[in-house]
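Observations on the three-dimensional arrangement
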Amino acid sequence: QVQLVESGGGLVQAGDSLRLSCAASGRTFSVYAMTWFRQAPGKEREFVAAITWSAGSTYYADSVKGRFTISRDNAKNTVYLQMNSLKPEDTAVYYCAVRTPNYSSTYDYTEEKGMAYWGKGTLVTVSS
């Protein structure tokens, strides 16, 4: 089991920055990748950004590319999401999720069904 706790959400104005953190505990040696998803009110959860744990390869949704940066601190078992130039449409609950090796042969770590463990989320609200 891997436990995930997100933090750093809050209310900001458009154009502001925010940094989210996701701390992992438990069987962290089994982490292959960590991913941020988000779910806006009335919408389905969507992929935001992902990072592989050992190589540090990163992937972004087109909607956040150039504004958001995902990074990790292996020593602290923590992944971060630096969000700059925030827009009202970035308002959502942000979830951190973990992919373990071979969890799914059908879905990858940019897809909900490819993730083995989830945090409870942190709310980000961007006012215009």
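Below or above, wherever it landed, is the structure these notes cover. Because the structure is predicted, anything quoted here is derived from the model rather than measured.

Taking every second residue as pointing to the same face, the buried face of strand E1 (residues 2-7) carries Val2, Leu4 and Glu6, while none of Gln3, Val5 and Ser7 on the other face is buried. Looking at chain direction, E1 and strand E3 (residues 18-26) are connected through six bridges and run antiparallel. Along E3, the bridge assignment pairs Val5 with Ala23.

With that settled, the discussion passes to the pattern of salt bridges. Taken as a whole and assessed by the stated rule, the structure comprises five salt bridges. Glu46 is paired through a salt bridge with Arg38; the nearest N and O atoms lie 2.6 Å apart. Exposure remark for Arg38: the relative accessible area of 6% places this residue in the buried category. Lys65 is the partner of Asp62 in a salt bridge, and the nearest nitrogen-oxygen pair spans 3.1 Å. Each of the salt bridges in this network shares a partner with another, and the network as a whole consists of Arg38, Glu46, Arg67 and Asp90.

Our next topic: the nonpolar core. Grouped together as the largest cluster of nonpolar side chains are 36 residues, with contacts concentrated most on Met34, Trp36, Val79, Leu81, Met83 and Tyr94. Where this core is concerned, the elements lending two or more residues are E1, E3, strand E4 (33-39), strand E5 (46-52), strand E7 (68-73), strand E8 (78-83), strand E9 (92-99) and strand E11 (122-127).

Summed over all chains, the structure comprises one disulfide. A disulfide bridge connects Cys22 with Cys96, and the sulfur atoms are separated by 2.1 Å. The chirality of the disulfide connecting Cys22 with Cys96 is left-handed, given an S-S dihedral of about -80°. Note that Cys22 is positioned in strand E3 and Cys96 in strand E9, a separation of 74 residues in sequence. We classify Cys96 as buried; its relative accessible area is 0%.

Take Ser21: it is sitting in strand E3. Its relative accessible area of 17% is what places Ser21 among the buried residues. Excluding anything up to four places from it in sequence, Ser21 contacts Val5, Glu6, Ser7, Trp36, Thr78, Val79 and Tyr80.

Parameters and conventions
- Residues numbered from 1 in each chain as written.
- Predicted model: local features only at pLDDT ≥ 70, side-chain atom pairs only at ≥ 80, totals over all residues.
- Heavy atoms only, no water.
- Buried < 20%, exposed > 50% of the residue type's maximum accessible area, 1.4 Å probe, protein only.
- Helix = DSSP H or I, 4+ residues; strand = E, 2+ residues; numbered from the N terminus.
- Pairing = 2+ DSSP bridges.
- Salt bridge = Lys/Arg side-chain N within 4 Å of Asp/Glu carboxyl O.
- Core = buried A, V, L, I, M, F, W, Y, C linked by side-chain atoms within 4.5 Å.
- Disulfide = S-S within 2.5 Å.
- Contact = heavy atoms within 4.5 Å.

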